[in-house]
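The lines below spell out each chain.
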Amino acid sequence: MAIAQGITFHLPSRRRFIPYSWLLYAEMNEAETELYLQYNHCVVTITGTALRALHEAMEHFHLHTVRECPSSGSSWKSATVSRIEIAEKVSD
């Protein structure tokens, strides 16, 4: 797999590309249903199921696109993203 320069987030109302170089850290909850990405200018929260695959792809700079998709009843082992929230940071 090629190394990605960043991640493009596809939301219903917009699309945003954020370079990996702006990522401060990524954190996932124990249930693998929430992935929290702390960037220097915003916070991205990804909610879904089986998000471990996304987290692992990020660790190797292979994740390049994340898209909100309604649950399709597919295999429980597949990662699904039900919601992406992007919150701009407020100046300190």
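The coordinates are above.
Residues numbered from 1 in each chain as written. Predicted model: local features only at pLDDT ≥ 70, side-chain atom pairs only at ≥ 80, totals over all residues. Heavy atoms only, no water.

A word on the overall build of the protein. Helix and strand counts for the protein stand at one helix and seven strands. For the protein, the sequential pattern of α-helices and β-strands runs β-β-β-β-β-α-β-β. Looking at the 92 residues of the protein, the share that counts as buried comes to 36%. Nonlocal contacts in the protein, meaning residues at least 24 apart in sequence, comprise 53% of its contacts between residues at least 6 apart. As presented, the protein carries roughly 6,000 Å² of accessible surface, and 53% of it is formed by carbon and sulfur atoms. (Helix = DSSP H or I, 4+ residues; strand = E, 2+ residues; numbered from the N terminus. Buried < 20%, exposed > 50% of the residue type's maximum accessible area, 1.4 Å probe, protein only. Contact = heavy atoms within 4.5 Å. Areas by Shrake-Rupley, 256 points an atom, 1.4 Å probe, with all protein chains shown as cover.)

Restricting attention to buried positions, one finds in helix α1 (residues 52–59) the residues L54, H55, A57 and M58. In a view along the axis of α1, the buried residues occupy a sector of 165°, so they form one face of it. As for α1, its buried residues are in contact with β1 (6–10), β3 (23–28), β4 (34–39), β5 (42–49) and β7 (80–88). (Arc of directions from axis to C-beta.)

Of all hydrophobic cores here, the largest spans 21 residues; its most connected members are F9, V44 and I46. Setting aside chain neighbours within four positions, we find V44 in contact with F9, I18, L35, Y36, L37, Y39, I84, E85 and I86. (Core = buried A, V, L, I, M, F, W, Y, C linked by side-chain atoms within 4.5 Å.)

Here we come to the sheet that holds β5. An order of β3-β4-β5-β7 is seen for the four strands of this open sheet, with the pairing classed as antiparallel. Sheet topology places β3 and β7 at the edges, where each strand pairs with a single neighbour. The average undirected angle you get between the axes of adjacent strands in this sheet is 15°. With five bridges connecting them, β4 and β5 associate as antiparallel partners. Bridging from a neighbouring strand, Q38 pairs with V43 of β5. Those strands touched by α1 are β3, β4, β5 and β7, and its axis lies near 150° from that of β3. (Pairing = 2+ DSSP bridges. Axes fitted to C-alpha atoms, helices over the stretch in contact; angles between N-to-C directions.)

Before going further, it helps to examine the packing of aromatic side chains. Scanning the model with the defined rule gives two aromatic pairs in all. Look at Y20 and F61: their rings are 5.0 Å apart centre to centre, the planes differ by 85°, and that puts the pair in the edge-to-face class. Residue Y20 is located in the loop between β2 (15–19) and β3, and its partner F61 is located in the loop between α1 and β6 (65–67); the two are separated by 41 residues in the primary sequence. Ring plane angle 45° and centroid distance 6.2 Å describe the contact between Y25 and Y36, whose orientation is recorded as tilted. Taken as a pair, Y25 in strand β3 and Y36 in strand β4 lie far apart in primary sequence, eleven residues in all. Classification of Y25 by relative accessible area gives partly exposed; the value is 38%. (Phe/Tyr/Trp six-rings, centres within 6.5 Å; stacked < 30°, edge-to-face > 60°.)

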